[in-house]
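Chains, contacts and geometry: an overview
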Amino acid sequence: MLSKILGLLLLVSCAGQAEQLAKAERLYDFDHKVHYSLTAYSEQEFLLEIDADTYTHFANQSVFLLRQASVLCKEQPFALKVISGVQEYRALPTEPRAYQAPLTVQLRCELKANK
């Protein structure tokens, strides 16, 4: 009985730590003028949600994503998996674009191979 209680307490403690690590943080990048959320699942795995902005800021969001990935991975190789939110790009939109969902990307840092 005591071992079950201790096991349950350990499980609850670990779940609480994982929840604290995976909490989304709202941030703003002044260089690229981008609002975004960053969720860190571990030191190698992140979720980035870049808020949809004006049509002209689409290029800023894309460049920001690559630079932020490089910073988070400490210049190690990384892999990006786009979950949702890629915008259609047209040089001269003829009508106001509809609401766009945030650009949501999973970032996984890879370890450099030892040579």
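Placed above this text is the structure.
Residues numbered from 1 in each chain as written. Predicted model: local features only at pLDDT ≥ 70, side-chain atom pairs only at ≥ 80, totals over all residues. Heavy atoms only, no water.

**As for helix 2 (residues 58-72)**
Condition: Here a strand is any run of E in DSSP of at least two residues, a helix any run of H or I of at least four, and the numbering for each starts at the N terminus. Given a helix with a known number of residues, its expected span is that number minus one, times 1.5 Å. Per-residue accessibility, obtained with a 1.4 Å probe over protein chains only, is compared with the maximum for each type, and a residue is labelled buried under 20%, exposed over 50%, and partly exposed between these values. Note: the arc covers the axis-to-C-beta directions of the helix. Only heavy atoms matter for contacts: two residues are in contact if any of them lie within 4.5 Å across the pair.
Its 15 residues give helix 2 an end-to-end C-alpha distance of 21 Å, which sits within 8% of 21 Å, the value for a rise of 1.5 Å per residue. Those residues of helix 2 lying buried are F58, Q61, F64, L65, Q68, A69 and L72. Considered in projection along helix 2, the buried side chains sweep an arc of 130 degrees and stay on one side of the axis. In this structure, helix 2 carries R67 and V71 as exposed residues pointing more than 90 degrees from its buried face. Elements in contact with the buried residues of helix 2: strand 1 (25-29), strand 2 (34-40), strand 3 (45-50), strand 4 (78-84) and strand 5 (103-109).

**A few points about the packing of aromatic side chains**
For clarity, the cut-off: Two rings from Phe, Tyr or Trp (for Trp, the six-membered ring) form a pair when their centres are within 6.5 Å of each other. A pair whose planes differ by under 30 degrees is stacked, one over 60 is edge-to-face, and the rest are tilted.
Across all of its chains, the model carries 2 aromatic pairs by this definition. Centroid distance Y28 to F30: 4.9 Å. Interplanar angle 85 degrees. Geometry classified as edge-to-face. Look at Y28 and you get partly exposed, because its relative accessible area is 32%. Note on Y36 and F64: the rings are 4.7 Å apart at their centroids and 50 degrees apart in plane angle, and the pair reads as tilted. Linking Y36 in strand 2 with F64 in helix 2, this pair joins segments that are 28 residues apart in sequence. Neither Y36 nor F64 differs from the other in exposure class; each is buried.

**Side note on the sheet that holds strand 1**
Note the threshold: For two strands to be treated as a pair, DSSP must find at least two bridges joining them. What counts as an axis is a line fitted to C-alpha atoms, over the stretch in contact for a helix, and the angles between N-to-C directions run from 0 to 180 degrees.
The strand order across the open sheet formed by 5 strands is 1-2-3-5-4, and the pairing between neighbours is antiparallel. Every interior strand has two partners, whereas the edge strands, strand 1 and strand 4, have only one. Pairwise comparison of adjacent strand axes, ignoring direction, gives a mean angle of 25 degrees for this sheet. Across 6 bridges, the pairing between strand 3 and strand 5 is antiparallel. When the sheet's bridge partners are listed, L47 is paired in strand 5 with Q106. Where helix 2 meets the sheet, its contacts fall on strand 1, strand 2, strand 3, strand 4 and strand 5, and the angle it forms with strand 3 comes to roughly 160 degrees.

**Section: the state of the cysteines**
The condition is simple: Pairs of cysteine sulfur atoms within 2.5 Å are what we label disulfides.
Applying the stated criterion across every chain, the model contains 1 disulfide. Residue C73 pairs covalently with C109 via a disulfide, S to S 1.9 Å. Taking the sign of the S-S torsion, about -80 degrees here, the bridge from C73 to C109 comes out left-handed. Pair noted here: C73 is in the loop between helix 2 and strand 4 and C109 is in strand 5, with a separation of 36 residues, a long-range link. No difference in accessibility class separates C73 from C109, as the two residues are buried.

**Notes on the pairing of strand 1**
Pairing analysis gives 5 bridges linking strand 1 to strand 2, with the strands arranged antiparallel. The residue of strand 2 that forms the bridge with L27 is Y36. Taken together, strand 1 and the strand that follows it, strand 2, pair antiparallel across an intervening segment of 4 residues, in which K33 is found at a positive phi of about 55 degrees.

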